[in-house]
Amino acid sequence: MTGHAHPITHLTDTIVRIFTEIGFDVADGPELETEWNNFDALNVPRDHPSRDMQDTFWIKKKPGVDKLGRPMGHVLRTHTSSVQVRAMDTWSKKSEEEKKSQPLAIVVPGKVFRNEATDATHESQFYQVEGLLVGEDVTLSHLKGVLETFFSKLFGKNTEVRLRSSFFPFVEPGVEVDMQCFKCEGGGCGLCKQTGWIEIMGAGMVHPNVLKNCGINPRKYKGFAFGGGMDRLAMLKWGIDDIRLLYNGDLRVVNQF
Ligand SMILES: [Zn+2]
């Protein structure tokens, strides 16, 4: 056989396989997004620092709002969460019966962009993966179960997950997700800085404002969402210590996969 899948492609395939096995669909969306889908619908305040030119690549920054009261700018998406907005918009238009029998369950792998300097752990263009489940009676314990299944399958070991309280505008409550270190299995090692845990992604229950912005009644439906860097997962899985190695096209790296 000639040629190789790039490690990120390889990881994307693995993640998609794991999530489709447990009933999630794969969703995709454009990399050039509206300001509304990238920020406002996700409950990010208009004056939030993440909207700065220093953090976001603006394609078109326009003052004022359209007739729905939505800002009219366009950005290179700064996270895959804009795809959640699109998926929830579509799902919200289904009949109540359909919504009850078919919760919205998606996994979204994709490329995102941040206007920042490059170093060993930062790139201005990188990959995220995120997931969303919206339905009746969805709780944080469902989130924990899904993530434990995901990490256990990805790292090939029974992996526990720990949730720590945190804040993100699009979730309430918000949590930081730690997974048990797969190298020392919680005993403590260099990889986990002797703590037994690795900080891996952000998550939480979808904020009622976000549900409302996407046409979903937060009194009837709840959801959880999680998201994190695919690069970080790849670096952990294969022991890569510099993110730039994933993107500089060095065949000595690519050929190892
Ligand atoms: Zn460890």
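See the structure above.
Conventions used here
Residues numbered from 1 in each chain as written. Predicted model: local features only at pLDDT ≥ 70, side-chain atom pairs only at ≥ 80, totals over all residues. Helix = DSSP H or I, 4+ residues; strand = E, 2+ residues; numbered from the N terminus. Buried ≥ 20, exposed ≤ 12 C-beta atoms within 10 Å, placed from the backbone. Contact = placed C-beta atoms within 7 Å. Pairing = 2+ DSSP bridges. Axes fitted to C-alpha atoms, helices over the stretch in contact; angles between N-to-C directions. Core = buried A, V, L, I, M, F, W, Y, C linked by C-beta atoms within 7 Å. Parallel < 35°, antiparallel > 145°, perpendicular 65-115°, else oblique. Nonpolar A, V, L, I, M, F, W, Y, C, P; charged D, E, K, R; others polar. Arc of directions from axis to C-beta.

**Student:** Mind showing me how you'd approach the overall build of the chain here?
**Tutor:** Counting its regular elements, the chain contains eight helices and ten strands. With the C-alpha coordinates aligned to their principal axes, the bounding extent of the chain is approximately 55 × 40 × 40 Å. Out of the 257 residues belonging to the chain, those deemed buried represent 39%. In the chain, the proportion of contacts linking residues at least 24 apart, taken out of those at least 6 apart, comes to 64%.

**Student:** Is there a simple way to think about the pairing of strand S8 (residues 171-180) in this case?
**Tutor:** Successive side chains on a regular strand alternate, one facing one side of the sheet and the next facing the other. Judged from the six bridges that link them, strand S7 (residues 161-166) and S8 form a sheet pairing that is antiparallel. Bridging from a neighbouring strand, Leu163 pairs with Val177 of S8. Here S7 folds back onto S8 in antiparallel fashion, the turn holding four residues.

**Student:** Can you help me understand the environment of Glu33 in this one?
**Tutor:** With respect to the helices and strands, Glu33 occurs in strand S2 (residues 32-34). For the pair Glu33 and Thr78, spaced 45 residues apart in sequence, the C-alpha to C-alpha distance is 9.1 Å. Residue contacts for Glu33: discarding those within four places in its chain leaves Asn38, His74, Val75, Arg77 and Ser82.

**Student:** Would you explain the sheet that holds strand S10 (residues 222-229) in this entry?
**Tutor:** Pairing between the strands of a sheet is mediated by backbone hydrogen bonds and can be parallel or antiparallel. An order of S1-S5-S6-S10-S9-S8-S7 is seen for the seven strands of this open sheet, with the pairing classed as mixed. Only two strands of the sheet have a single partner each, and these edge strands are strand S1 (25-26) and S7. Here strand S5 (residues 104-113) pairs with strand S6 (residues 125-135) via ten bridges, running antiparallel. For Phe113, the partnering residue across the bridge sits in S6 and is Gln125. Contacts from helix H1 (residues 7-21) reach S1, S5 and S6, with the element oriented near 165° to S5. In the packing of helix H5 (residues 140-155) onto the sheet, contacts are made with S6, S7, S8, strand S9 (197-206) and S10, and the angle to S7 comes to roughly 135°.

**Student:** Would you take a moment to explain the nonpolar core for this structure?
**Tutor:** In globular proteins that are soluble, nonpolar side chains generally tend to be buried together. By size, the foremost hydrophobic cluster in this structure holds 56 residues, and its most contacted members are Leu104, Ile106, Val134, Val177 and Phe224. When neighbours within four sequence positions are excluded, Ile106 is seen to be in contact with Phe24, Asp25, Ala27, Ala87, Gly131 and Leu132.

**Student:** I tried to follow the pairing of S6 on my own but got confused; where do I start?
**Tutor:** Judged by how many residues are buried, S6 sits mostly within the fold: eight of eleven residues are covered. Pairing between S6 and S10: eight bridges, direction antiparallel. The residue bridging Gly135 from the neighbouring strand is Lys222, located in S10.

**Student:** Is there a simple way to explain the environment of Gly239 in this structure?
**Tutor:** Mapping Gly239 onto the fold places it in the loop between helix H7 (230-238) and helix H8 (251-254). Taking the C-beta count within 10 Å as the criterion, Gly239 has 8 such neighbours and is therefore assigned exposed. When the C-alpha positions of Gly239 and Pro109 are compared, they lie 21 Å apart, and in sequence the two are 130 residues distant.

**Student:** Just checking my understanding: could you explain the packing of H1 against H7 for this structure?
**Tutor:** Pairs of packed helices are described in terms of their axes, by the angle between the two and the distance that separates them. Following both chains from N to C, one finds H1 and H7 inclined at 100°, their axes separated by 10 Å at the closest point. Relative to H7, the element H1 is oriented roughly perpendicular. Residues Pro7, Ile8 and Leu11 of H1 lie in contact with H7, whose contacting residues are Met230, Leu233, Ala234 and Trp238. Class assignment of the residues belonging to the contact of H1 with H7 gives a composition of seven nonpolar, no polar and no charged.

**Student:** Just to check I follow, could you spell out H7 for this structure?
**Tutor:** Residue pairs three or four apart in sequence face the same way in an α-helix, which turns once every 3.6 residues. Taken as a whole, H7 has its buried residues at Met230, Asp231, Leu233 and Ala234. With its buried residues spanning 160° around the axis, H7 presents them on a single face. Where H7 is buried, its residues contact H1, S5, S6 and S10. Of the residues one or two after H7, Gly239 is the one with positive phi, at around 65°.

**Student:** Looking at this structure, how should I read the sheet that holds strand S4 (residues 74-76)?
**Tutor:** Pairing in this open sheet of three strands is antiparallel, and the strands run S2-S4-S3 from one edge to the other. Unpaired on one side and paired on the other, S2 and strand S3 (58-60) mark the two borders of the sheet. Strand-to-strand twist in this sheet, taken as the mean axis angle between neighbours without regard to direction, amounts to 35°. Alignment of S2 against S4, held across three bridges, turns out to be antiparallel. Considered in S4, the bridge of Glu33 is made with Val75.

Shape is all these values report; function is a separate question.
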